[in-house]
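What follows is the residue order along each chain.
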Amino acid sequence: MPGDIAEACSSYYSANNTFVERFDCPRRGDEADLLYCCGFIDMKYCCSEPGNYFPYKHGYMWTLSIGALIGLGIAALVLLAFLISIFVLCYLFLYTKPQKIDTGLKTQQIHSSSTQEDPEVQMEGSSIPKLVESCEYNQGQGIIECS
């Protein structure tokens, strides 16, 4: 290989604290195009691209990247579903009005009259005695008086 100058990897301590001597690239048994010293402080190796920090094939890194992308995509979908459900619940809480509750009781208006013709009021086939004859509002005292 004319013009290619091999690099030397300086000595270092590995991750398990073992001292590794200085070596020249390519090492004995390596391919001839592995001319550069690559790696980290605690792991150095010969490679074909200067500044390479990954001793694995690029396919391995793509597998990690695809797995990470799939994981991030799933997390994004879960977050989106959560946000949509919060939005819908807030909308329903703020903009829907409660329905009238049917208590089952029938309401009737009471008409007050000064003269009472019938002391008993007929309701659904039974006679109920009328307890109040008439009611009047006393403006001076601010009360309602019934007799």
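Just so we're clear, the structure is a prediction, and the values are computed from it rather than from any experiment.

Quick notes on the rules
- Residues numbered from 1 in each chain as written.
- Predicted model: local features only at pLDDT ≥ 70, side-chain atom pairs only at ≥ 80, totals over all residues.
- Heavy atoms only, no water.
- Helix = DSSP H or I, 4+ residues; strand = E, 2+ residues; numbered from the N terminus.
- Buried < 20%, exposed > 50% of the residue type's maximum accessible area, 1.4 Å probe, protein only.
- Contact = heavy atoms within 4.5 Å.
- Areas by Shrake-Rupley, 256 points an atom, 1.4 Å probe, with all protein chains shown as cover.
- Disulfide = S-S within 2.5 Å.
- Core = buried A, V, L, I, M, F, W, Y, C linked by side-chain atoms within 4.5 Å.
- Salt bridge = Lys/Arg side-chain N within 4 Å of Asp/Glu carboxyl O.
- Phe/Tyr/Trp six-rings, centres within 6.5 Å; stacked < 30°, edge-to-face > 60°.
- Lys NZ or Arg CZ within 6 Å of the ring centre and 35° of its normal.
- Pairing = 2+ DSSP bridges.

A. Quick peek at the overall build of the chain. Within the chain, the regular secondary structure consists of 1 helix and 10 strands. Counting from the amino terminus, helix and strand elements in the chain follow one another as β-β-β-β-β-β-α-β-β-β-β. Relative to its full complement of 147 residues, the chain shows a buried share of 11%. The contacts in the chain between residues at least 6 apart in sequence include a share of 20% that link residues at least 24 apart. Of the accessible surface of the chain, which amounts to about 13,200 Å², a share of 61% is contributed by carbon and sulfur atoms.

B. Just the state of the cysteines, in detail. The final tally for this structure, using the stated rule, is 3 disulfides. Sulfur-sulfur distance for the disulfide between C9 and C37 comes to 1.9 Å. Here the S-S torsion is close to 125°, and the disulfide linking C9 with C37 is therefore right-handed. One end of the pair, C9, is in strand β1 (residues 8-9); the other, C37, is in strand β5 (residues 36-40), and 28 residues separate them in sequence. Disulfide partner of C38: C47, at an S-S distance of 1.6 Å. Of the two residues examined, C38 and C47, each falls in the buried class.

C. Spatial organisation of the environment of P50. Mapped onto the elements, P50 comes out in the loop between β6 (43-47) and α1 (58-95). In this structure the C-alpha to C-alpha distance between P50 and L35, which are 15 residues apart in sequence, comes to 8.5 Å.

D. Representation of unusual backbone geometry. C25 connects to P26 through a cis peptide bond whose omega is -5°. In this structure, N17 takes a positive phi of about 65° despite not being glycine. Summarising the element assignment, N17 is placed in the loop between β2 (12-13) and β3 (19-20). Given the relative accessible area of 62%, N17 is considered exposed.

E. Representation of the nonpolar core in the model. Ranked by size, the top nonpolar core spans 7 residues in total: C9, Y12, V20, F23, C25, L34 and C46. Residues within four places of V20 in sequence aside, it is in contact with S11, Y12 and S14.

F. Inspection of the pattern of salt bridges at higher detail. With the rule as written, the count across this model stands at 1 salt bridge. Between D24 and R22 there is a salt bridge, with its nearest N and O atoms 3.5 Å apart. Look at R22 and you get exposed, because its relative accessible area is 53%.

G. Representation of the packing of aromatic side chains. All chains considered together, the criterion is met by 2 aromatic pairs. Taken together, a centroid distance of 5.3 Å and an interplanar angle of 40° make the contact between Y91 and Y95 tilted. Taken together, the positions of Y91 and Y95, both in helix α1 and 4 residues apart, correspond to about one turn of that helix. Classification of Y95 as exposed rests on a relative accessible area of 60%. Over the ring of F23 we find R27, and its NZ or CZ is 3.6 Å from the ring centre.

H. The arrangement of the pairing of β5 in detail. Relative to β6, β5 runs antiparallel, the two being bridged by 5 bridges. In the strand pairing of β6, F40 is matched with M43. Hairpin remark: β5 followed by β6, antiparallel, with 2 residues in the connecting loop.

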